[in-house]
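Structure assessment
So you can see what is in the structure, the chains are spelled out below.
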Amino acid sequence: MNTVNSERLLERARKSIPGGVNSPVRAFRGVGGSPRFIERGEGSRIFDADGNSYIDYVCSWGPLLLGHRPKAVIDALAAVLATGTSFGAPTEREIDLAELIRELMPSMEMVRLVNSGTEATMSALRLARGFTGRDLCVKFEGCYHGHVDSLLVKAGSGVATLGLPDAAGVPQAFAATTIALPFNSIAAVEATFAAHGGRIASAIVEPVAGNMGCVPPVPGFLEALRSLCTKHGALLIFDEVMTGFRVARGGAQALFGITPDLTTIGKVIGGGLPMAAYGGRRDIMEKIAPVGPVYQAGTLSGNPLAVAAGIAMLSHLREHPEVYDVLESRAAQLCARPLEGITVNRTGAMFTFFFTDQPVTDYESAKRSDTQRFARFFHHMLEGGVYLAPSQFEAGFVSTAHSEADIRQTVDLAAEFFARERR
Ligand code: KE4
């Protein structure tokens, strides 16, 4: 496969942009080799600077539930461009989108639009502290909630001990406000609330983890988290930036029947434009400025272009619930064939092929995957025209634009890899 132009562009990009990318995972550090510079997308496919085409299972890391350039979104953007790009003042569209979000995710009684998932989670954490008057937050190892200082932490020396910085530049004092626990460990959550219950402002969780690879909750885990938060007066925050409107139209909270106090959403609600939101119980959200004392702001929050794309996306999902039957069917077809030495985790249209023959239920078990073998698989697929997430510890995504033929082509290409390994 000719990648001369991508390689040349990477060399040029590195002179002006750290690693040549505007987000680290895009640099292919997890799999080696040189990232492809993408020129355009259409439906289920992306096309790189050398004219190579790929069936895309990254889908911009989740936003493109309807594939690249869905007509509804493109038409909405064309129309709004005629009116302007930003006003820094309230617009009716923002009300329309907030009402749509509330309709599809009723636990979000009030909504504040922001520009990224990181902004949404950072704001939700601050709001939880402001509402409860407490400082501590519980998170789970392997879950990623954006590059919020206090969430870039790793577990302390033992369960229920305060976190340690997990990235340069994060002060110990910030990390010490967070307790990082094993995902899916009810015992760890119980021990932590027993030790610190009265000091915990919130517990934030990806209800289906996507950022260690796809790891669904074990039965009872989310329920335990819900009841312990209620018992100790802490707020349960569902970070549905990835799962929202993807694993079900109402998100993981609808799928599992759990009502969080706050929810963060993003990705799908922007349809590929920079858009995210946080929201939840009215009594909590009314603590947010200008109504309440918890400050949060944003120049481009509720931006007309992003809001127009979001309204188009969510309106389509509201009017076409059959979308979720298509997503389920395509993803099930993709993950159906048992593969030697592979554990496939999937919830709806998000999935991960872990290169281990053991179950993957948390970050420790995910890390047992053979990342070298995954990297060989990744490049086999890339060379064959299938674009997977360039890391074992990421989720893959199916869109409604993925055809049965796309899935068959993908499954057959993967089978070639495993057959070749056996030779
Ligand atoms: P952003 O700030 O990247 O918009 O959202 C952060 C975020 C928050 N919560 C969850 C559950 C997320 O998955 C994310 C971002 N996800 C990554 C994918 N692993 C985005 C890809 C990237 O970092 O380039």
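Report follows, based on the coordinates. Counting from 1, residues in each chain are numbered in the order their sequence is written. Where local features are concerned, this predicted model is filtered to residues with pLDDT of at least 70; where side-chain atom pairs are given and counted, the filter is 80 or more; whole-chain, interface and lining totals use all residues. Side-chain measures were taken over the full set of non-hydrogen atoms in the model, leaving aside hydrogen atoms and water.

**Topic: helix α2 (residues 71–81)**
Along α2, the residues classified as buried are Val73, Leu77 and Val80. On an axial view of α2, the arc spanned by its buried residues comes to 70°, and they lie on one face. Where α2 is buried, its residues meet α3 (92–104) and α10 (304–319). A simple rule labels every residue: compare its accessible area, found with a 1.4 Å probe on the protein chains alone, to the largest value its type can have, and call it buried under 20%, exposed over 50%, or partly exposed in between. In DSSP terms, a helix is any run of H or I states spanning at least four residues, a strand is any run of E spanning at least two, and both are numbered starting from the N terminus. Along the arc lie the directions from the helix axis toward the C-beta atoms. We call two residues contacting when some pair of their heavy atoms lies within 4.5 Å.

**Here's the deal with the site of the ligand**
Residues in contact with the ligand amount to 16 residues; listed here are only the nearest, Ser23, Thr118, Asn211, Asp239 and Glu394. For the ligand, an oxygen atom lies 2.6 Å from a polar atom in the side chain of Ser23. As used in this structure description, the phrase polar contact means that two N or O atoms lie within 3.5 Å; if the pair is within protein, one of them must be able to donate a hydrogen and the other to accept it, and residues adjacent in sequence are counted only when both atoms belong to side chains. Thr118 is positioned with one of its side-chain polar atoms (N or O) 2.6 Å from an oxygen atom of the ligand. Using the Shrake-Rupley algorithm and a 1.4 Å probe, accessible areas are obtained, with residue cover drawn only from the displayed protein chains. In the complex, 85% of the free accessible area of the ligand, which totals 540 Å², lies under the protein chains. Looking at side-chain class alone, the shell around the ligand contains 5 nonpolar, 7 polar and 4 charged residues. Each domain's limits were defined by an automated method or a database of domain assignments. Mapped onto the domain boundaries, the shell around the ligand takes at least three residues apiece from domain 1 (4–69 + 321–422) and domain 2 (71–319). Think of it this way: one heavy atom of a residue within 4 Å of a molecule or strand is enough to make that residue near it. Think of it as three bins: nonpolar holds Ala, Val, Leu, Ile, Met, Phe, Trp, Tyr, Cys and Pro, charged holds Asp, Glu, Lys and Arg, and polar takes everything else, Gly as well.

**A word on the sheet that holds strand β14 (residues 350–354)**
What the 3 strands build is an open sheet, ordered β13-β14-β16; its pairing is antiparallel. Every other strand in the sheet has two partners, leaving β13 (343–347) and β16 (396–397) as the edge strands with one partner each. Strands are treated as partners if at least two bridges between them are detected by DSSP.

**Quick word on the packing of helix α11 (residues 323–334) against helix α14 (residues 404–422)**
Note on geometry: axes are lines fitted to C-alpha atoms, helical ones only across the stretch in contact, with angles between N-to-C directions running from 0 to 180 degrees. Between α11 and α14, whose axes approach to 9 Å, the crossing angle comes to 20°. When the interaxial angle is binned, α11 and α14 end up roughly parallel. As α11 packs across α14, the resulting crossing turns out to be right-handed. Contact residues: α11 offers Arg330, Gln333 and Leu334, while α14 offers Glu404, Ile407, Arg408, Thr410 and Val411. The residue makeup of the contact of α11 with α14, split by class, is 3 nonpolar, 2 polar and 3 charged. Under this scheme an angle from 65 to 115 degrees is roughly perpendicular, one under 35 degrees roughly parallel, and one over 145 degrees roughly antiparallel; angles in between are oblique. By the definition used in this description, the sense in which the near helix is turned from the far one sets the handedness, with an anticlockwise turn below a right angle giving left-handed and a clockwise turn giving right-handed.

**A short note on the environment of Arg102**
Structurally, Arg102 is set in helix α3. With a relative accessible area of 37%, Arg102 lands in the partly exposed category. Each C-alpha atom of the pair Arg102 and Gly279 lies 9.0 Å from the other, and the pair is 177 residues apart in sequence. Excluding residues within four positions of it along the chain, Arg102 makes contact with Met108, Glu109, Val111 and Arg282.

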